[in-house]
Amino acid sequence: LRGIERGRRSLYSGMSDQSRMELLEQEIATLHLALEQKGMNTKMTKDVFGRTFAVPVDDEHKATLLFPVMFNNTFPYIIPNVAQPHMRAFWAATFGFFSTFFSVFAPAALMPTLKKDKSDGGLDLTPQDIADSGALAVSFTIIMRILAGPLCDKFGARWTFFGLLWIGIPGIVLLAFAEGATELKAARAIIGLSLASFVTCQVWCSQMFAKSIVGTANATAGGWGNLGGGVTQLVMPLIYEGILQSQDQDVDKSWRLCMIVPAALHVISSLCVLSGQDLPDGNYRELEKSGAKNKTSGCKTAMIGFSNINAWILFIGYAFCFGVELTMNNKGVLYFYKYYGVPQRMAGIYGSIFGLMNIFARSWGGILSDTMNAKYGMRGRIWAMWVIQALEGLMCIILGLISISKPSPTRMFKDQASLGPWTGGFSGGLTDVSWTKAKGAGDCLVLESFLAGNTVDWAGEGLAPYTCAPANDGDGMWGQFNSTLAPSGYPYTYGLGGPDGYPYTYTITAQKGAWVPPCGFDSIKTNYGNTKDYDEIGGGYFDTNTNETVPGIGGVWLNYGTAQVAKVVLPTVEPFIMVGDYGYRPEGDECVANTDGLLGTALTVMVFFSIFVQMSEGLHFGIVPYVSRPALGVVSGMVGAGGNLGAVIGTRGIIAPDVDVDAGFIILGAVIMATSVLFFGIYFPEHGGMLFKKGALGSYDPQLYKPDDADRGSDQMDYSAAAPAQKTNRAVEADM
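From a predicted model like this one, the values you see are computed outputs, not experimental measurements.

### As for the nonpolar core
- Formed by 144 residues in total, the largest nonpolar core has its most connected members in F90 and F209.
- Discounting chain neighbours no more than four positions away, the residues touching F90 are L66, M70, C205, F209, A217, T220, A221 and W224.

### Remarks on the state of the cysteines
- A complete count under the given rule lists 1 disulfide for this structure.
- Paired through a disulfide, C519 and C591 show a sulfur-sulfur distance of 1.9 Å. Taking the torsion about the sulfur-sulfur bond, which here is approximately -80 degrees, the covalent link between C519 and C591 counts as left-handed. Here C519 is found in the loop between β4 (515–516) and β5 (521–525), whereas its partner C591 is found in the loop between β10 (576–580) and α22 (598–620), with 72 residues between them in sequence.
- A relative accessible area of 1% means that C519 is categorised as buried.

### Describing a nonpolar patch on the surface
- A cluster of nonpolar side chains, contributed by W383, V387, L391, L394, I398, M673, L691, F692 and L697, occupies part of the molecular surface with about 680 Å² of accessible area.
- Among the elements that line the nonpolar patch, the one with the most residues is helix α19 (residues 378–401), at 5 residues.
- Accessibility expressed as a relative area gives 32% for W383, which makes it partly exposed.

### Here's the deal with the packing of aromatic side chains
- What the rule picks out here adds up to 31 aromatic pairs.
- A centroid spacing of 5.2 Å and a plane angle of 80 degrees characterise the contact between F90 and W91, whose relative ring orientation is edge-to-face.
- Of the residues examined, F90 reaches a relative accessible area of 0% and is grouped as buried.
- Given the relative accessible area of 15%, W91 is considered buried.
- Pairing W386 with F680 gives two aromatic rings, centres 5.2 Å apart and planes at 70 degrees, and the pair type is edge-to-face. Note that W386 is positioned in helix α19 and F680 in the loop between α25 (661–675) and β11 (683–684), a separation of 294 residues in sequence.
- By the ring-pair criterion, three or more aromatic residues cluster together here, those being F97, F101, F105, F198, Y318, F322 and F621.
- The ring of Y626 carries the charged tip of K211 above its face, separated from the ring centre by 4.7 Å.

### Overview of empty space enclosed by the protein
- Applying the stated rule across the entire model yields 2 cavities of 30 Å³ or more.
- Here the second largest cavity is characterised by a volume of approximately 60 Å³.
- Around the second largest cavity, the lining residues are K62, S206, F209, K211, V214, P625, R629, L632 and D715.
- Here the residues of the lining of the second largest cavity sort into 4 nonpolar, 1 polar and 4 charged.

### A word on the pattern of salt bridges
- Considering all chains together, one arrives at 14 salt bridges under this definition.
- Put simply, D132 and K185 hold a salt bridge, and the shortest N to O gap is 3.6 Å. Residue D132 is found in helix α6 (residues 127–155), and its partner K185 is found in helix α8 (residues 181–193); the two are separated by 53 residues along the sequence.
- The class for K185 is partly exposed, based on a relative accessible area of 21%.
- Here R652 makes a salt bridge to D132, at a shortest N to O gap of 3.2 Å. One end of the pair, R652, is in helix α24 (residues 632–654); the other, D132, is in helix α6, and 520 residues separate them in sequence.
- When its relative accessible area of 38% is taken as the criterion, R652 is described as partly exposed.

### As for helix α16 (residues 322–339)
- For α16, with 18 residues, the first-to-last C-alpha span of 24 Å sits near the 26 Å given by 1.5 Å per residue.
- The largest bend along α16 measures about 45 degrees and falls at K331.
- Where α16 terminates, the next one or two residues include G341, which has phi positive at roughly 65 degrees.

### Some points on the packing of helix α15 (residues 309–319) against α24
- Look at α15 against α24: their axes get within 7 Å of each other, and the N-to-C directions meet at 30 degrees. Of the two possible hands of crossing, α15 and α24 adopt the one that is right-handed. Residues A311, W312, L314, F315, Y318 and A319 of α15 form the contact with α24, whose participating residues are V635, M638, V639, G640, A641, G642, G643, L645 and G646.
- Counted by class, the contact of α15 with α24 contains 11 nonpolar, 4 polar and no charged residues.

### Notes on the side chain of N226
- Its location among the elements puts N226 in helix α10 (residues 214–246).
- Within polar-contact distance, the side chain of N226 engages the side chain of E325 at 3.1 Å.
- With residues up to four places along the chain from it excluded, the contact list for N226 reads F97, F101, F322, E325, N358, R362 and E617.

Parameters and conventions
Residues numbered from 1 in each chain as written. Predicted model: local features only at pLDDT ≥ 70, side-chain atom pairs only at ≥ 80, totals over all residues. Heavy atoms only, no water. Core = buried A, V, L, I, M, F, W, Y, C linked by side-chain atoms within 4.5 Å. Buried < 20%, exposed > 50% of the residue type's maximum accessible area, 1.4 Å probe, protein only. Contact = heavy atoms within 4.5 Å. Disulfide = S-S within 2.5 Å. Helix = DSSP H or I, 4+ residues; strand = E, 2+ residues; numbered from the N terminus. Patch = residues over 30% accessible without salt bridge, like charges linked within 9 Å, V, L, I, M, F, W, Y side chains within 5 Å. Areas by Shrake-Rupley, 256 points an atom, 1.4 Å probe, with all protein chains shown as cover. Salt bridge = Lys/Arg side-chain N within 4 Å of Asp/Glu carboxyl O. Phe/Tyr/Trp six-rings, centres within 6.5 Å; stacked < 30°, edge-to-face > 60°. Lys NZ or Arg CZ within 6 Å of the ring centre and 35° of its normal. 1 Å grid on protein atoms, 1.4 Å probe; cavity = no way out; pocket = protein on both sides within 12 Å on 5 of 7 lines; lining within 4 Å. Points joined across faces, edges and corners; volume = space filled by probe spheres on them. Nonpolar A, V, L, I, M, F, W, Y, C, P; charged D, E, K, R; others polar. Expected span 1.5 Å × (residues − 1). Bend = angle between axes of the 7 residues up to and from the residue. Axes fitted to C-alpha atoms, helices over the stretch in contact; angles between N-to-C directions. Left-handed = near helix turned anticlockwise from the far one by under 90°. Polar contact = N/O pair within 3.5 Å; in protein donor to acceptor, adjacent residues only side chain to side chain.

In structure tokens:
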């Protein structure tokens, strides 16, 4: 240190006073910069009312850092920094958006249960009902997102956010008391309105963070908010199973009680949002009163935003990144449940993978956008967005190609003539019954022939409705259950030679839920541990072999309609089991679920698909704040609404209920890649575009309706006009 000091004195001794002062100022500036990078407001910058900011800010009082100030610098270093105003707004916006995403897709996470018959505790939903409810959950938000933009410009993102969170609560309550598809659709439509909170999230962060990091801030808040879609897919099935155990396996009551969780999130997050501040310098009302902020005209602001060509291109682009994420949140769980035959719990985990990538992927997009901007300017941001969105489309196509050549629950019905008999039929002589004729009169006669001379009291056992197949359920087959254990208590077994080390394949032939489409799967209730529903499948029964009453611990009827009919205790302690088509067809023609390695490959591709989707989302909102400063809220609302429109197109059009899901993935991927070409049309006169440098297109301006010089953005302050307010504030403080 002494040597450094001597060197400094020696350096200064040969310099003029002015030179020494300039060098000293440079050193001070360097010190300020070093400390600011650690999150310290060393310049003690204050807002228009004299309040010192907690984080370093730029000339517009917007935060210049995010990650270094995101958490408190005290052990355990994971407690969020909620200092006013910047970090409070960031965390409140993130939590609020997370809550709405969680609630909107909570029903989708429980759809395997909700779609069941009312007698099984569900709402008796058809595939069309499911698709309609998913589309309504995201379609009504289109209008609300468009409205949310002007509302943010007029009243502030904070109050608009608060209102959107409370709009969704009546929908959650309606869902908890739903009695059928109509109530489900209405409930999801109402809850979906709150998804417009994405606009308020992005506007609020754009108003709080400098343009140098706005891409990162928007992407991180939006990504961690989107994470709610993945978390709900993961935890709602687990919450449901926990409640189910506490409610004596009452399916109907259990899924309704689950709705308490999203409702509570809405209430808590709305209070967090309300505790924040509209802008870095204060709330709208006090800033307008001080003269620092202009009052805006909603109509004029809307005209400015809606007349910008760049905004419309981003609108379309966002439809096929965020819209794709919403589509996957609606389709993901049922896709794994139906195609791959995994239990609802595992389907929820697999479906959550897409949303869970938001932990980091959307932030990566924002970071990439800011990095490309620092090196190549706006042109770098646009090029990065196009490359990532094109890769997103490629991954979507690959995901579909993985299983497109395999029989699936939907394809089997469309090509019955070309399919041979399924090999996993009823034991006892019916192993070659073709599923395409399972409900035909001939097969019914064959089944009834096995009843001749049988001493079982069919009517007494309540089996009459299932003498052939469940009424009006279409072609199908009785589902099978694989196990390594033989049935107990009977002198014969029902092994058909199961796959992958499962020597026993049980065919469940007396429970409507076990009637599945070929290559399809569903869950049925075993009544393990159930003491309430004595007469249901698996309830207590009298064992004629032992002359004892057996309590209900997972019993099901096997081989109903055959001479070998019996009621046995399945070797499982699960209250619900997956049953389906485990019959193996010729090599290369197995069902999707029965093809080794296919599930792992699909999950791997989905991870990369999700990463590119969410990076593209972050890249979009790295550009949005530059489109129109006076109409930031309107443009944010437009682009956000595009995402919801894309979800409607994806859910109802491209991957419609009558379309094979994997075929839909291929079409969707092609559309993503095709629409990404529109990014070549984005151009900023002051920055340029992908192919043209700034000014290269002469007088062309994508802003068709030109704002006046007096049209400032809602976050642009006139600090000179606020000077009297500062003096008044200091005078009041002096008198205290």
